[in-house]
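# Geometric and topological summary
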Amino acid sequence: MSEWLPSLNALRAFEAVSRHLSYQLAAKELHVTPAAVMQLVQKLEASLDTQLVKRQGRGIALTDAGLEGANDLSLGFKRLHEGVSKIRKTQDRSSLTITAEPSFAITWLVKRIDAFKRIHSDIDVLVDSSSRIIDLHREPTDIAIRYAVKAHDDLISHRMFDDETLAVCSPSVAEGPPVLENLKQLENVPLIHMNMSGPEWSSPAYRNLFDWQSWFENVGAADIKPGRGIRFNEYSLAIQAAIAGHGVVLGSLPLVVDAIEAGLLVSPFEERAKANIGYDIVTTRQALKNPNVEAFLEWILAEIEN
């Protein structure tokens, strides 16, 4: 009996509760109800004849027994996820899964992915256009393209572009009236804003690039007061609004360069803001063993140089 293991579902429920210290958050992660999570934990406690979770104030805490096993269980489930991910990737070597932020996927990657497919027609490419930050070690995704990622020793990262922002608009808006020739005129021109209510905008680097007032200060024009205008949560929509002639937007140069070259957008001013952030392509050492990943990295890095 000493080698007997309880239900895997019950162990998984307790492991999630031990990390979140919340039945509600554990239930959200496991896609079940809080009552179901609580019931599984109670069944685990009954099978082990040991209390693992206790009430503490308005929340919950782990007992000494719960604390004793929680870390090893977390490590165990992490290894299970890694094992399943490796099996999936090994079973389908002809596929490649890439996650990219919607703005980058729409304005840059989608326009170029056919070039990769022409060279590697045998590889099925799935582009997951999502802002969700995923764990490449635990989820069946090979490559992530992200903006301003933090360095991790266990990940392989390549900087694709250092970012800089510039004021861009449609040719019709630039030609006026008034004809846009200096930044002061932007006080009387509709501006397109990004909604900065999300947690990512708490970073000064983000605000210096995409908040109009911060951008003016960054380029030495702090006396200019930006007016109100239409706001967007999604960056690609803000760019489309500018192309449609609804105002001037702060464009991320790597994402608007194609529209500028196509004549859809123009930059009436020389001023640009820069920050030590940009677009990075990230993968794992394990994923690099997949020749499809190696082929994509080789292609995209060459594409950037061109």
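Here, the structure is the one placed above.
Residues numbered from 1 in each chain as written. Predicted model: local features only at pLDDT ≥ 70, side-chain atom pairs only at ≥ 80, totals over all residues. Heavy atoms only, no water.

Assigned secondary structure in the protein consists of 11 helices and 10 strands. At 25 Å, the protein has a C-alpha radius of gyration far larger than the 19 Å of a compact globule built from 306 residues. The principal-axis extent of the C-alpha atoms belonging to the protein is close to 85 × 55 × 30 Å. Split into buried and exposed, the 306 residues of the protein put 44% on the buried side. At a minimum sequence separation of 6, the contacts of the protein that also span at least 24 residues come to 75%. Surface accessibility of the protein: about 16,900 Å² in total, with carbon and sulfur atoms responsible for 51%. (Helix = DSSP H or I, 4+ residues; strand = E, 2+ residues; numbered from the N terminus. Rg over C-alpha atoms; globule rule 2.2 N^0.38 Å. Buried < 20%, exposed > 50% of the residue type's maximum accessible area, 1.4 Å probe, protein only. Contact = heavy atoms within 4.5 Å. Areas by Shrake-Rupley, 256 points an atom, 1.4 Å probe, with all protein chains shown as cover.)

A few words on unusual backbone geometry. Keep in mind that most residues, glycine aside, have a negative phi and that most peptide bonds are trans. With an omega of 15°, the peptide bond between Gly176 and Pro177 qualifies as cis. Relative to the elements of secondary structure, Pro177 occurs in the loop between α6 (171–175) and β7 (191–194). Located in the positive-phi region is Leu21, a residue other than glycine, with phi close to 50°. Residue position: Leu21 is located in the loop between α1 (8–20) and α2 (23–30). The backbone of Asp49 shows a phi angle near 55°, a positive value even though the residue is not glycine. Looking at the element boundaries, Asp49 is found in the loop between α3 (34–48) and β1 (53–56).

Our focus in this paragraph is the sheet that holds strand β8 (residues 231–232). Across a sheet, strands are paired by hydrogen bonds formed along the backbone, either parallel or antiparallel in direction. Here eight strands make up an open sheet; going across it, the order is β4-β3-β5-β10-β6-β9-β7-β8 and the pairing mixed. Strands with a single pairing partner mark the edges of an open sheet, and in this sheet they are β4 (124–129) and β8. Alignment of strand β5 (residues 143–147) against strand β10 (residues 272–283), held across four bridges, turns out to be antiparallel. From the neighbouring strand, Ile145 faces β10, where its bridge partner is Ile281. Those strands touched by helix α5 (residues 102–119) are β3 (95–100), β4, β5, β6 (156–168) and β10, and its axis lies near 175° from that of β4. Those strands touched by helix α10 (residues 253–261) are β6, β9 (248–252) and β10, and its axis lies near 60° from that of β6. (Pairing = 2+ DSSP bridges. Axes fitted to C-alpha atoms, helices over the stretch in contact; angles between N-to-C directions.)

Counting residues in each nonpolar core, the largest one holds 64 residues, and the members touching the most others are Phe104, Val248 and Phe296. No other element matches α5, which puts seven residues into this core. Counting residues in each nonpolar core, the second largest holds 19 residues, with Leu11, Phe14, Val37 and Leu52 among its members. (Core = buried A, V, L, I, M, F, W, Y, C linked by side-chain atoms within 4.5 Å.)

A few words now on the packing of aromatic side chains. Two descriptors summarise a pair of aromatic rings, namely the distance from one centre to the other and the angle between the planes of the rings. Going through the model one piece at a time under the given rule, you end up with 13 aromatic pairs. Note on Tyr147 and Phe210: the rings are 6.4 Å apart at their centroids and 70° apart in plane angle, and the pair reads as edge-to-face. Of the two residues, Tyr147 sits in strand β5 while Phe210 sits in helix α7 (residues 204–210), which places them 63 residues apart along the sequence. Per residue, the accessibility class of Tyr147 equals that of Phe210, and both read buried. Ring plane angle 35° and centroid distance 5.4 Å describe the contact between Trp212 and Phe216, whose orientation is recorded as tilted. Here Phe216 and Trp212 lie together in helix α8 (residues 212–218), a separation of four residues that amounts to about one turn. Of the two residues examined, Trp212 and Phe216, each falls in the buried class. What links up through ring pairs into an aromatic cluster is the set Phe104, Trp108, Tyr147, Phe161, Phe210, Tyr235 and Tyr279. (Phe/Tyr/Trp six-rings, centres within 6.5 Å; stacked < 30°, edge-to-face > 60°.)

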